[in-house]
Amino acid sequence: MQGRTHERVVEELRVSKLEDWANVLAVDILAIKGVGSGYLRKLRLWLAHRGISLRWENAPDYWVQIADAEEPVGACPFTVLVDSNETCPYSFRELRGKDGELLNIPVENKAMWTEHLADYSIKGLEHEIQIERKSLEDLVGTLSGRRENFEREVSCIDGLCSFAAIVCECQWSDVLLDKHQHGARAKTVSRTMLSWVVKYPRVHWVMCAGRAHAERATYQMLHNFWWQAQRVESAMKNMEM
């Protein structure tokens, strides 16, 4: 790969051989003045054709696939993990980027339920971020018949993760209408949520306007956490230098 920008990146990141790129974070590349997403996209493909990926990023064949797509697609640098025990999981196939491009989001199944974890996470960071999905029916049913098991899960991810969330496919108004036929009543649901948000402060309750909004919110939190984790890793590396 040639060009003044590439030469400057190589110099600032002290890359001396091809294998060094596997230890480079995308956030450190973008932190260099004058270097943007266009260069990062070209670099990822250039490295992919040589069997290399940047640190924490998807395998080289993913970036080749993105480049070979017939229509422009948006890249996702990480793989979303979905609990194998999740019913009606999000597919993440219809989400679009900020410029309207369809996102290509890799998804893998993993039995996270065996560790009392939640429904969604990031491959390689599953003990750092966990997101639980709840429809209104599931929420009221869980707080009625499986409350102790659910609280055990919430307690687990609160103690384990840097960030966790319970994404509800309903709004507060849907809960307070109290129109469901079975499960915990609105008062119980409301009091439980307000109690647990204090008792388990790392677990955030996110109320959404339906399933589609909840799927988008889930991906956006995973995306934001991935970049934030890179920033933290970069800061720690700089402190050690």
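Let us look at the structure shown here. Counting of residues starts from 1 at the beginning of each chain's written sequence and follows it residue by residue. Reporting of local features is limited, given that this is a predicted model, to residues whose pLDDT is at least 70; pairs of side-chain atoms are given and counted only at 80 or more, and all residues count toward the totals for whole chains, interfaces and linings. Calculated side-chain values reflect all of the structure's heavy atoms, with hydrogen atoms and water omitted.

A closer look at a nonpolar patch on the surface
Okay, step 1: Exposure above 30% relative accessible area and no salt bridge define the residues that can form patches, which grow by joining like charges within 9 Å and nonpolar side chains of Val, Leu, Ile, Met, Phe, Trp and Tyr within 5 Å. Methods summary: accessible areas were calculated by the Shrake-Rupley approach with a probe of 1.4 Å, and residue burial reflects only the protein chains presented. Basic side-chain nitrogens of Lys or Arg form a salt bridge, by our definition, when they fall within 4 Å of a carboxyl oxygen of Asp or Glu. There is a patch of nonpolar side chains on the surface, built from Trp172, Leu176 and Leu194 and spanning about 300 Å² of accessible area.
Okay, step 2: Along the chain, Leu176 falls in helix α7 (residues 172-177).
Okay, step 3: When a residue's accessible area, from a 1.4 Å probe over protein chains only, is under 20% of the maximum for its type it is buried; when over 50% it is exposed; and in between it is partly exposed. Leu176 gets classed as exposed once you look at its relative accessible area, which sits at 51%. The secondary structure listing takes helices from DSSP runs of H or I that are at least 4 residues long and strands from runs of E that are at least 2 residues long, numbered from the N terminus.

Comments concerning the pattern of salt bridges
Okay, step 1: Counted according to the given criterion, the structure contains 13 salt bridges.
Okay, step 2: Across the salt bridge formed by Lys123 and Glu108, the nearest N and O atoms sit 3.1 Å from each other. Separated by 15 residues along the polypeptide, Lys123 in the loop between β5 (120-122) and β6 (129-134) and Glu108 in strand β4 (residues 107-110) bring together distant segments of the chain.
Okay, step 3: Salt-bridge contacts for Lys134 lead to Asp138; the nearest nitrogen and oxygen are separated by 3.3 Å.
Okay, step 4: Classification of Asp138 by relative accessible area gives partly exposed; the value is 25%.

Considering the pairing of β6
Okay, step 1: Among the six residues that make up β6, six are buried, leaving the element largely enclosed by the rest of the structure.
Okay, step 2: Burial of the side chains of β6 extends over both faces: Ile129, Ile131 and Arg133 are buried on one face and Gln130, Glu132 and Lys134 on the other.
Okay, step 3: Only strands that DSSP links by at least two bridges are regarded as paired with each other. Where β6 meets strand β7 (residues 163-168), six bridges bridge the pair, whose relative direction is parallel. From the neighbouring strand, Lys134 faces β7, where its bridge partner is Cys168.

A closer look at the packing of aromatic side chains
For any pair of aromatic rings, the description consists of the separation of the ring centres together with the inter-plane angle of the planes.
Okay, step 1: Only the six-membered ring of Trp is used, alongside the rings of Phe and Tyr, when aromatic pairs are assigned; centres must lie within 6.5 Å, and planes under 30 degrees apart are stacked while those over 60 apart are edge-to-face, with the rest tilted. This structure, assessed with the given rule, holds nine aromatic pairs.
Okay, step 2: With a centroid separation of 6.0 Å and an interplanar angle of 80°, the aromatic rings of Tyr90 and Phe92 are classed as edge-to-face.
Okay, step 3: Judged by its relative accessible area of 3%, Tyr90 is buried.
Okay, step 4: A relative accessible area of 1% means that Phe92 is categorised as buried.
Okay, step 5: Three or more aromatic residues joined by ring pairs form one cluster here, namely Phe78, Tyr219, Trp226 and Trp227.
Okay, step 6: The ring centre of Tyr90 lies 5.8 Å from the NZ or CZ of Arg133, which sits over that ring.
Okay, step 7: The ring of Phe150 is capped by Lys134, whose NZ or CZ atom sits 4.6 Å from the centre of that ring. For a lysine, the NZ atom is tested; for an arginine, the CZ atom; a charge sits over a ring if that atom is within 6 Å of the ring centre and within 35 degrees of the ring normal.

Observations regarding the nonpolar core
Okay, step 1: Core analysis: the largest hydrophobic core is formed by 47 residues, its most contacted members being Trp21, Ile29 and Phe92.
Okay, step 2: At the level of elements, α2 (26-30), α3 (37-48), α4 (60-68), β2 (80-83), β5, β6, β7 and α9 (211-240) are the ones that each hand at least two residues to this core.
Okay, step 3: In terms of residue count, the dominant contributor to this core is α9 (nine residues).
Okay, step 4: Sequence-distant contacts of Ile29, defined by excluding residues within four places in its chain, comprise Leu13, Trp21, Val24, Val35, Tyr39, Leu40, Leu43 and Leu54. Here, nonpolar core means buried Ala, Val, Leu, Ile, Met, Phe, Trp, Tyr and Cys residues that are tied together by side-chain atoms lying within 4.5 Å of each other. Residues are treated as being in contact if the distance between any of their heavy atoms lies within 4.5 Å.

Quick notes on the environment of Met193
Okay, step 1: The topology assignment puts Met193 in helix α8 (residues 186-199).
Okay, step 2: C-alpha of Met193 to C-alpha of Gly36: the two residues are 157 residues apart in sequence and 42 Å apart in space.

What to know about the packing of helix α5 (residues 136-145) against α8
Okay, step 1: Note on definitions: angles span 0 to 180 degrees between N-to-C directions of axes, and those axes are lines fitted to C-alpha atoms, for helices only across the stretch in contact. At a minimum axis distance of 11 Å, the contact between α5 and α8 shows a crossing angle of 80°. The angle between α5 and α8 falls in the class roughly perpendicular. Here Leu139, Val140 and Leu143 of α5 lie close against α8, whose contacting residues are Val189, Thr192 and Trp196. Reported orientations rely on four angle classes, namely roughly parallel under 35 degrees, roughly antiparallel over 145, roughly perpendicular from 65 to 115, and oblique for the rest.

Some details on the packing of α3 against α4
When two helices pack together, you describe them by how their axes are tilted relative to each other and by the distance separating the axes.
Okay, step 1: In the contact formed by α3 and α4, the axes pass within 8 Å of each other and the chain directions differ by 120°. In terms of their interaxial angle, α3 and α4 are classed as oblique. For the pair α3 and α4, the sense of crossing is left-handed. Between α3 and α4, the residues in contact are Arg44, Leu45 and Ala48 and Pro60, Trp63, Val64 and Ala67, respectively. Two helices that cross are described as forming a left-handed crossing if the nearer one is turned anticlockwise from the farther one by less than a right angle, and a right-handed crossing if clockwise.

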